[in-house]
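# Descriptive structure summary
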Amino acid sequence: MRAVTFQAPGVVTLEDRPQPEPESPTDAVVRIELSGVCGSDLHIYHGRVQIEPGFTIGHEYVGRVVEAGDQVKHVAVGDRVLGCFQTADGDCFFCRRGLFHRCVNSRTFGHGATLGSLQGTQAEMALIPNADLVLRRVPEGMSPEVALFAGDVMGTGFHAIQESGMRPGDLVAVLGLGPVGLCAVQVARATGAAHVLAIDTVPERLAVAESFGAQPLHATEQDVKAAVKDLSEGRGVDVSIDAVGDPRVLESAIRITRACGSIQCVGVYAERAEVHMGLLWLKALTLRGGHANVLGHVDRVLGMLSAGVLDPSPLVTHHMTLEDAPEAYAVYDRREALKIVLAP
Ligand SMILES: [Zn+2]
């Protein structure tokens, strides 16, 4: 079968790889119909997240079950399914508390040996460990493009808002309008935010946020602090979402969030970063971070997608094929696309 593999920073290729086989009775094999290109794939593409050359990348996927082990009960051969970006054992200290994102035996698709040596999904076929936990049937009438979002991007936007402690009536700022930030805008609107400020520097992304019901703010050409003050009688926003993962963005979140408000860092941090801790302390802010518990949220997110309360379909800007992967990564790297989906 063919698969998109990482070769070196800036180089991905389509290669022939061995067909996956179930390795345990709880595994399934899925024939991939669509796989998304994600911001975290770009970290691999740039070499910031290091994986072995020749490793298959990708972790957003929809497809059909073609093989299922004896102990797989909730999906069957022939089902069209979507899957989460990571697996979990469902049995460890953290899983028993519903904290699947911190599972001690978690494996993430397409992230090399450091995250569990699980081959990625930008391929014709993929092996899915613990299929009952990781896969869901695509609900009747839902397009595969929309279903794709439940297992990563919308699940992460949902996590950002839920973990932030946002309550109905709150004023929310979303900093960074990549697909996750834009999904967070939708979730905030759908779960009762009175007002959402959407902050970025890319005009197209600001326009999408506006179409989702947010007030767009250009991070450098407009006075963000003044806009926040105007809307909050000078106090600041109740909740900020850092959907970038950059200390400069976190610093602005600390500055525009009101006293006793909260900041949720859903963008990825992997290094030491400097922010104004004194300001955070004096303002009594709550700061949280971490991967999204997508396995824990997937059923609720699917419910909201099914009902049309959330609709990420405007985020799909490019349909391409696996052969186009080198071009797809280059296009995404130039920020010319929001969500690229690859079909075999
Ligand atoms: Zn676990």
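It should be noted that the structure appears before, not after, this text.
The shown structure was predicted, so the numbers you read here are calculated from the model rather than taken from an experiment.

On the basis of which strands lie adjacent, the open sheet formed by six strands has the order β12-β11-β10-β13-β14-β15 and parallel pairing. In the strand order of this sheet, the two ends are held by β12 (215–218) and β15 (286–288), each with one partner. Put simply, the sheet's adjacent strands are angled 20 degrees from each other on average, direction ignored. Note: strand β10 (residues 171–175) against strand β11 (residues 195–200), five bridges, orientation parallel. Paired with L171 across the bridge in β11 is H195. Of the strands in this sheet, β11 and β12 touch helix α6 (residues 203–211), which is tilted by about 170 degrees from β11.

Examined bridge by bridge, strand β4 (residues 60–68) and strand β5 (residues 80–83) share four bridges and lie antiparallel to one another. In the strand pairing of β5, G63 is matched with V81. Across three bridges, β5 lies against strand β9 (residues 135–137) in antiparallel orientation. Bridge assignment links V81 to a residue of β9, and that residue is R137.

Moving on, we come to the packing of helix α4 (residues 153–164) against helix α5 (residues 179–190). It is at 8 Å that the axes of α4 and α5 come closest, and there the two elements cross at 55 degrees. In terms of axis orientation, α4 runs oblique to α5. The handedness of the crossing between α4 and α5 comes out as right-handed. On α5, the residues that touch V153, M154, T156, G157, F158 and I161 of α4 are P179, V180, C183, A184, Q186, V187 and A188.

For the coordinates displayed, the defined rule picks out three aromatic pairs. A centroid spacing of 5.3 Å and a plane angle of 35 degrees characterise the contact between Y45 and Y329, whose relative ring orientation is tilted. Here the residue Y45 occupies a position in helix α1 (residues 39–45), and Y329 occupies one in helix α11 (residues 325–333), the gap between them amounting to 284 residues. Each member of the pair Y45 and Y329 is classed as buried.

A separate point is the coordination of the zinc ion. The protein atoms that coordinate the zinc ion are D89 (OD), C92 (SG), C95 (SG) and C103 (SG), at distances of 2.0 to 2.3 Å. One can describe the site at the zinc ion as tetrahedral: its four donor atoms subtend angles covering 97 to 122 degrees at the metal. In the primary sequence, the donor residues of the zinc ion line up as D-x2-C-x2-C-x7-C. The exposure class of C92 is buried, given its relative accessible area of 10%. Residue classification places C95 among the buried residues on the basis of a relative accessible area of 5%.

Another aspect to go through is the side chain of Q186. On the secondary structure map, Q186 appears in helix α5. Q186 sits in the buried class, given a relative accessible area of 10%. If sequence neighbours within four positions are ignored, Q186 has contacts with M154, F212, L310, D311 and P312.

Mapped onto the elements of the fold, V134 is located in helix α2 (residues 131–134). For the pair V134 and C183, spaced 49 residues apart in sequence, the C-alpha to C-alpha distance is 21 Å. Non-local contacts of V134, meaning those with residues more than four positions away in its chain, are made with Y61, L82, G83, C84, Q86, T87, F109, I128, P129 and L295.

At a minimum axis distance of 9 Å, the contact between α4 and helix α10 (residues 294–306) shows a crossing angle of 105 degrees. Relative to α10, α4 is oriented roughly perpendicular. In contact with M154, G155, T156, F158, H159 and Q162 of α4, α10 contributes V294, H297, R300, V301, M304 and L305. Grouping the constituent residues of the contact of α4 with α10 by class yields six nonpolar, five polar and one charged.

A surface patch of nonpolar side chains, amounting to about 430 Å² of accessible area, comprises M277, W281 and L282. The exposure class of W281 is exposed, given its relative accessible area of 65%.

The biggest cluster of nonpolar side chains holds 73 residues, and the ones touching the most others in it are L135, V172 and I241. Each residue touching V172, except ones within four places of it in the same chain, is listed here: M166, A188, A193, H195, V196, L197, V239 and I241. One finds V12, I51, A325 and Y332 within the second-largest nonpolar core, a separate group that totals 20 residues.

Considering the arrangement of structural elements, one finds R102 in the loop between β6 (86–87) and β7 (107–108). In this structure, the C-alpha to C-alpha distance between R102 and N293, residues 191 residues apart in sequence, is 8.1 Å. Setting aside anything within four residues of it in sequence, one finds R102 in contact with F94 and H291.

Where α6 is concerned, the buried positions are R205, L206, V208 and A209. For α6, the angular spread of buried residues about the axis comes to 160 degrees, placing them on one side. Exposed and facing more than 90 degrees away from the buried side of α6 are P203, E204 and S211. In this structure, the buried residues of α6 make contact with α5, β11 and β12. G213 occupies a position one or two residues after α6 and carries a positive phi of about 95 degrees.

Criteria and cut-off values
- Residues numbered from 1 in each chain as written.
- Predicted model: local features only at pLDDT ≥ 70, side-chain atom pairs only at ≥ 80, totals over all residues.
- Heavy atoms only, no water.
- Pairing = 2+ DSSP bridges.
- Helix = DSSP H or I, 4+ residues; strand = E, 2+ residues; numbered from the N terminus.
- Axes fitted to C-alpha atoms, helices over the stretch in contact; angles between N-to-C directions.
- Contact = heavy atoms within 4.5 Å.
- Parallel < 35°, antiparallel > 145°, perpendicular 65-115°, else oblique.
- Left-handed = near helix turned anticlockwise from the far one by under 90°.
- Phe/Tyr/Trp six-rings, centres within 6.5 Å; stacked < 30°, edge-to-face > 60°.
- Buried < 20%, exposed > 50% of the residue type's maximum accessible area, 1.4 Å probe, protein only.
- Donors = N, O, S within 2.8 Å, 3.2 Å for Na, K, Ca; no water.
- Tetrahedral: all angles 85-135°; square planar, octahedral: opposite > 155°, others 65-115°.
- Nonpolar A, V, L, I, M, F, W, Y, C, P; charged D, E, K, R; others polar.
- Patch = residues over 30% accessible without salt bridge, like charges linked within 9 Å, V, L, I, M, F, W, Y side chains within 5 Å.
- Areas by Shrake-Rupley, 256 points an atom, 1.4 Å probe, with all protein chains shown as cover.
- Salt bridge = Lys/Arg side-chain N within 4 Å of Asp/Glu carboxyl O.
- Core = buried A, V, L, I, M, F, W, Y, C linked by side-chain atoms within 4.5 Å.
- Arc of directions from axis to C-beta.

No statement about biological role is implied by the geometric values presented.
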